[in-house]
Amino acid sequence: MAEKNFITSGRNTIIHKIKKFDLLIINGDNPVVIVSHRGIGIYKGIIPEKRAIAKKAYQDIVHVESSEIFSEVKTLLFIQALDGREYKVDYSKTDTKNFIKIHQDSCM
């Protein structure tokens, strides 16, 4: 069984595990969020159509609404990144500066 680049915790938390891979978090029709070892932001690139293409680009695609993750589109998502912070992604505030905020510093 292949090791995943992330784990889920609770109802709405994703924990980034491996520094080598960036996570592309897809949550329905909302903006795509990228999580790297340096932090988090809105992804403006092209989303790879297949996981194999993403893997070659050192990316992992995370579909929040898939049955293996959370099985539904989330309004609020917490992401623990490798930079030692936990971020709160509030999809109800997509076009504001409060879309991605630091929730906790030094959570690791």
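Read on for an overview of the structure. Just so it is clear, the structure is predicted and the values come from calculations on it, not from any experiment.

**Comments concerning the nonpolar core**
The biggest cluster of nonpolar side chains holds 17 residues, and the ones touching the most others in it are I14, I25, V33 and L77. In contact with I14, other than residues within four places in its own chain, are F6, I7, L23, I25, V62, V64, F70, L77, F78, I79 and Q80. Counting 7 residues, the second-largest nonpolar core is a separate cluster that includes V32, I34, Y43 and I61.

**So, the environment of L76**
Checked against the element boundaries, L76 lands in strand β7 (residues 76-80). C-alpha separation for the pair L76 and Y91, spaced 15 residues apart in sequence, amounts to 6.1 Å. When sequence neighbours within four positions are dropped, the list of residues in contact with L76 reads N12, K88, V89 and D90.

**Section: the pattern of salt bridges**
Evaluated as defined, the whole model comprises 3 salt bridges. The salt bridge involving R51 is made with D60; its shortest N-O contact spans 3.6 Å. Residue D60 is classed as buried on the basis of its relative accessible area, which comes to 14%. Notably, a salt bridge pairs K93 with D90, separated by 3.8 Å at the nearest N-O pair.

**A few points about unusual backbone geometry**
Although it is not a glycine, Y58 adopts a positive phi angle of roughly 60 degrees. Non-glycine residue S71 carries a positive phi angle of around 65 degrees. Mapping S71 onto the fold places it in the loop between β6 (59-63) and β7.

How each quantity is defined
- Residues numbered from 1 in each chain as written.
- Predicted model: local features only at pLDDT ≥ 70, side-chain atom pairs only at ≥ 80, totals over all residues.
- Heavy atoms only, no water.
- Core = buried A, V, L, I, M, F, W, Y, C linked by side-chain atoms within 4.5 Å.
- Buried < 20%, exposed > 50% of the residue type's maximum accessible area, 1.4 Å probe, protein only.
- Contact = heavy atoms within 4.5 Å.
- Helix = DSSP H or I, 4+ residues; strand = E, 2+ residues; numbered from the N terminus.
- Salt bridge = Lys/Arg side-chain N within 4 Å of Asp/Glu carboxyl O.

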